[in-house]
Structures are given as structure tokens and as C-alpha cells.
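Each chain is listed here by its residues.
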Amino acid sequence: YPLFQRGGPQLRIFRPNFFMLAVRPGVPQPEDTVQFRVSMEMTKLDIRNYLERIYNVPVAAVRTRIQYGANNKRNHRNQRVKKPDYKVAYVQLGQGQTFQFPNLFPEKEQDSETRSFDDFRDKYMEKEKQKEEGDPRRGGVPDWFGL
Amino acid sequence: MAALGARRLLRTGRRWFSETVPGAPSPPASPLYPPVVASATAKSKAAKSQRLQRFNQRVHAAATVEEKLRLYGKLQRPKYTVYPQTFALNADRWYRSFTKTVLVPGMPPRAAAAKPPVAVAGTTPEAGRAPEPGAEAPRAPQAPGAAEAAKTSEPAAGAAPYLDMGELRSLACDALLQESFYQNKKRPFLYRDQDHTPGPFLTQLVSTLAAFLSGRNPLLAASSLDLNPEVNYYWHHGEEVVVHGHRKGRVDPVRFQINDNPHLQIRVPKQLPEVVPLESDLGDVPVIDHKPSKLPLFKKQYENKVFIGSKVADPCCYGHTQFHLLPDKLKRERFIRQRLEDQIEVVYRSNGIASLFAWTAAQAMYQGFWSEADVTRPFVSQAVVTDGKYFAFFCYQLNTLALTTETIKNNPRKNICWGTDSKPLYDVVEDGNVKGFNDEVLLQLVRFLLNRPKEL
């Protein structure tokens, strides 16, 4: 950002090129805290203004940290492959609002057709496996073993 | 031959052993072998509990309080530093869960009942300087060196039964005007507003009021007024699993430390009376399942200190009143600009709860109580949190020190904190006049200072 000096104009950014990604927290967070992955150049003020002006979300507090991406993996040429760094923002919502990250992959209710098809498929796989096993009276000993 | 002799000896020996002499004393009652207890060095849960029990016995058996405190805070590990004056949102809820405190709005009924009679025109009392512990008798005529008040000294005509509100109001107004109007101060440095005017005003107000009221409250006459003292307390509460490091995977108690610097503090030799009985239940303690680091609260490892403002040998070992000044970072205007109006009161409450818990718990440790040896009588202290204009009053009763995981299981006691909202003492200071002076706030302050045990 251009340096601010006393008497200079206020820096205003219209239509910013930043993107904020709301993520599911890895560790349980308090109810009013939302976790975002933001661009490395965004500051706490940027995040606050972004959410308040564009999305009308009341923001009480913002805390940020930079997550270092590890550099331990090696590719087929034995060169180190770096995972990219990213900035994580913890935003506490104002006016007593709460946020719970939604479950994006809920279990769908199966109707009777799919359930019966699944049962049929499981039974068929069981029969195939039994055919492969061989005579149960031999106790797991293979067929080629014998006199 | 020898065999025959041996058999005879054997037979006689056997008979001697199997003989039962009637009337002989039974074998001695003390056991022949030491008691079978778990090993102290094995890598097992029984060994861990054995080590903890041995540590508890060592602390119980310590001869002096200093030795107990030294053993209690000997092991240093990373701990959460709890700041009473914090910008964290909803900090007072978290602090209540850490200290097992119930917050009751308003002042306890005892304080309202013991209201001293107030008269508008009463006898002229003496006005003295900072109270010395019993150095100057309040009834003796004295010439005060009050530079700002420029009052003429008059011999006291005995302890007046009525409190002169006009006199008290003029004392407060004089202190305020001297600091903000009469004294020619330059502009305050950046972010040093609170040290410029409200700090000296608070010191002046408290010292003059305490000296004024020491006539009718002999406890104040024997008290000790500390300027910018240090109050520290270290405690365990709850359990967590260690995440990183060579101790990963072990279950550790969650350690907290408060390092507080109140602006002023009054310590007295006798304890304030209890407000409600020890086992009373006045509300619920909030339970927060998240780790304290989500508040946000940060861990650091340093000395585990327990301190009330003076060392153990000091005769004034009980607390009376603390006065806290909020820093510039937590001013009302800043919160209003950030549109966090509801957090203004949270700041006062968190400051009151944390500081008073640390002070009362440290006082209890100075008397030899700790988490394994819970308090047998409640410890009561008061605090006034202010930012120069707005005053909030808090009264804390410590009923239990047992906050560790084992001791909290069967402990129904809770600590109680009574607190008011912040009220302004005056509206504005203009041209040598204080506009909109609020007498109730001053009266509450006076009631706080006049609080004393029933025997006195």
C-alpha cells in the first residue's frame, strides 16, 4: 500500500481483488468466531472493512496469523516441494451473532429401491467371496496341497 | 543316637512353640511390615497419584507460610497470563468460569443497610493528609498541609454522628478542580491521558477521603495505603492434554497467573465481615467448553508468584479496598467508535472479578489455605474501577480456593461477586465549577471506605 503521510488522502480501494474463503475450523472455536483463509496482503482493517461494507456483517474483532506451508515433500527429482503459505483470520461477530460451519456432505435418505439394490449387491459379493475360498472342510489349506 | 536326640529336641521345640500359655499378652499391635503403597517412580497412573499425594503432604507439613508458598509455586510450566484489564470480548464470562465466580448485579444488602446517617449542615471535621497507621490520633487538633484545599484547620469537636455531605462533596470537587483546572498542565503525551489527570485525581480523592473518615472508622486509621502495588496469584483449574513438545500426550492441569497493578490499595489488619454464609448459592457459574486460548489468552512460563501487596510478615494482611484506573486503550470513546457499546461494562466487570479474585485468594494463601486446604471462613474485599469520570463498585467474597480437577468434584461452594454498572461522578468541569455532581456515587464510595468488622 502507498505510505500515508499527514495531510494526504485516505486510501480507498473500490472493487478489491481480494478473496476470503470461510473454512471449517480444525479445532473447536467459540460460537461467535468464524475462520477465514485470506490473501497474504490483507490486514485486519482490510478484513473488517471487507466484511462490513460488502457483506454487511457486523465485526467485533479480527485476529490474524500466517500459516507456514511445509517444505518437506520431495518430487520425483528429489527436489523439495513447498506447500503455499496462507493467512488465517479469526473474526468475532458483533451484536451477539453466532456462526456454525454447515455440514456440506449430509447423509442422504435412501429410498427402498436403492436400499434393496445395495442389499442385493452385498449378498452377491458375499457369494462370490465364498466361491473363491474353497472347501471349508479343508480349514483354509490351499487346493494344490495334498498327495 | 544323635537322631534320637535330635528328634527329642525337635519334639520339645515343637511343643514349646505350639504351647499356648493362658493369660499371656497378644502379639504387638503394630504391623511387622511397612504399608504397601504404589511406587513413586514407575510410569503408571498410580505412581503419578502417589507423587501428587506426597507433594500435597509436603505442602501440608510445611512449617511457615513462606515455605508453603515456595513449594506451591516451585514447579514452573507454561501458564496462561490472565490480564484483568483486557480488550477481549466477553472476557468477564470467561473469567467467571476460570475462577468459579457468580456475578450478582447491584450491591449486597448489608452495604445498603449500614448506611451512615447523612446531614447537610454538620460539624466541621478535620481534614488530614494520607492516613498513617495509628501515627496521628484523629481527634487531636492538627494543622493539615492540604495545599490544594487551602482549608483552615479547626479542632474536632468529637466524632460527628452525621456525615457531612457538603464537606465530602467539597473535598471531592476540590481534588477534581485542582487536578483539571487550577493546576497548569501541558497537553498530555499520546496515549498517556489517564496518567495526566484522572490518576492524580483518584490518588488525591482517596487519600483525603480516607484521612477524613479515619475518625469514624478506626480500621482506616490502622490501615496501610499502597500506591501502585503489585498483586499476583497463581492457580490451577481444569485439565488439558499437552499438544506439542516432549511432554506431548500427557494430561496436565491448566495453569493461570494474574499479575495486577491496581492504582491504589488499602490493606487493614482485621478482616472485613462476611456478606453471606460460606455455603450460599446465589447463581450459576458459566461453563465454557473451549480452551482458554480462544479468548484469546496466551501462555508463558515465568515465576509463579502469590503476593497481596506486602510480604507475609506485614500486620496489615487483609484487604479492604482496591482502586483501579482503566488505561487509555480501554476508554469509552474507543469502544463507541468501534461500535462495541456492550463491551464497556464487560471491561469494568472483568477487571473487578479478576483483580478481586487474585487479591482475596492471595490473602487466603497468606493465612495458610490453598486448594487442598480450603478456606474455613470467607474472605471479603472491595474494589472501585474507574476511568476518571465513571465509577463502578465491586464487592467480592471468596468462599473456595479448591479449583483443581480433583478438589472441584465435591465442592458445592462458589465465589460471589457483587458489581454495579458504571455511573458518572460528575458531568463536566467548566470554569472552576463542577457541573452535575452525583452524590450517590460519592456516598457509595464513602460507604465502601467506612466498611469495617462488627467488633470495631
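The structure this text deals with has already been given above.
The following paragraphs examine the structure supplied in this document. (Residues numbered from 1 in each chain as written. Chains lettered and ligands numbered in written order. Predicted model: local features only at pLDDT ≥ 70, side-chain atom pairs only at ≥ 80, totals over all residues. Heavy atoms only, no water.)

Residues and elements named next belong to chain B. Along the chain, Arg267 turns up in strand β8 (residues 264-268). For Arg267, a relative accessible area of 3% puts it in the buried group. A distance of 2.9 Å separates a polar atom in the side chain of Arg267 from a polar atom in the side chain of Ser310. Leaving out residues up to four positions away in the same chain, Arg267 has contacts with Ser223, Ser224, Asp226, Ile308, Gly309, Ser310, Asp314, Cys316, Tyr318 and Trp359. (Helix = DSSP H or I, 4+ residues; strand = E, 2+ residues; numbered from the N terminus. Buried < 20%, exposed > 50% of the residue type's maximum accessible area, 1.4 Å probe, protein only. Polar contact = N/O pair within 3.5 Å; in protein donor to acceptor, adjacent residues only side chain to side chain. Contact = heavy atoms within 4.5 Å.)

Residues and elements named next belong to chain B. Contact geometry of helix α4 (residues 91-99) with helix α11 (residues 343-366) gives a least axis separation of 8 Å together with a crossing angle of 20°. The orientation of α4 with respect to α11, classified from their angle, is roughly parallel. Judged by the sense of rotation from one axis to the other, the crossing of α4 with α11 is left-handed. Contacts from Ala91, Asp92, Tyr95, Arg96 and Thr99 of α4 reach α11 at Val346, Arg349, Ser350, Ile353, Ala354 and Phe357. Its residues assigned to classes, the contact of α4 with α11 comprises 6 nonpolar, 2 polar and 3 charged. (Axes fitted to C-alpha atoms, helices over the stretch in contact; angles between N-to-C directions. Parallel < 35°, antiparallel > 145°, perpendicular 65-115°, else oblique. Left-handed = near helix turned anticlockwise from the far one by under 90°. Nonpolar A, V, L, I, M, F, W, Y, C, P; charged D, E, K, R; others polar.)

Take the packing of helix α6 (residues 165-182) of chain B against helix α12 (residues 439-449) of chain B next. All names here are of chain B. Packing of α6 against α12 leaves a shortest axis separation of 11 Å and a crossing angle of 95°. As far as their axial angle goes, α12 and α6 are roughly perpendicular. On the side of α6, the interface is formed by Met165, Leu168, Arg169 and Ala172, while α12 contributes Asp439, Leu442, Leu443 and Val446. Residue composition of the contact of α6 with α12, grouped by class: 6 nonpolar, no polar and 2 charged.

Looking now at the pairing of strand β10 (residues 318-325) of chain B. All names here are of chain B. The buried fraction of β10 is high, at 8 of 8 residues. Where β10 and strand β11 (residues 379-386) come together, 5 bridges link them in parallel fashion. Opposite Leu325, over in β11, you have Thr386 as the bridge partner. (Pairing = 2+ DSSP bridges.)

Contacts between chain B and chain A engage 9 residues on the former and 11 residues on the latter. Sorting the residues of chain B by area buried against chain A places Leu89, His290 and Lys294 of chain B first, and these three jointly supply 61% of that buried surface. In this assembly, chain B and chain A are joined by 1 salt bridge. When the shortest N-O distance is used, the salt bridge between Arg339 of chain B and Glu52 of chain A registers 3.5 Å. Counting across the chain B and chain A interface gives 1 residue pair in polar contact (both at pLDDT 80 or more). Looking at the side of chain B that touches chain A residue by residue, the class counts come to 5 nonpolar, 2 polar and 2 charged. (Buried area = accessible area lost by both parts, 1.4 Å probe. Salt bridge = Lys/Arg side-chain N within 4 Å of Asp/Glu carboxyl O.)

A word on the nonpolar core. The biggest cluster of nonpolar side chains holds 110 residues, and the ones touching the most others in it are Tyr233, Trp235, Phe323, Leu401 and Leu442 of chain B. By residue number, the principal contributor to this core is α11 of chain B, which donates 14 residues. Not counting chain neighbours up to four residues away, the residues in contact with Phe323 of chain B comprise Leu202, Val206, Pro262, His263, Leu264, Ile266, Val384, Leu445 and Leu449 of chain B. Within the second largest apolar cluster, 14 residues are counted, among which are Phe18, Val38, Leu51 and Val91 of chain A. (Core = buried A, V, L, I, M, F, W, Y, C linked by side-chain atoms within 4.5 Å.)

The next point concerns the sheet that holds strand β6 (residues 86-93) of chain A. Residue and element names in this part refer to chain A. Pairing is antiparallel in the open sheet, where 4 strands are placed in the order β1-β2-β6-β3. If you trace the sheet from one side to the other, it starts and ends with β1 (21-23) and β3 (59-67), each paired once. Pairs of neighbouring strands in the sheet enclose a mean axial angle of 30°, with direction left out of account. Where strand β2 (residues 33-38) and β6 come together, 6 bridges link them in antiparallel fashion. Residue pairing in the sheet places Arg37 in a bridge with Val88 of β6.

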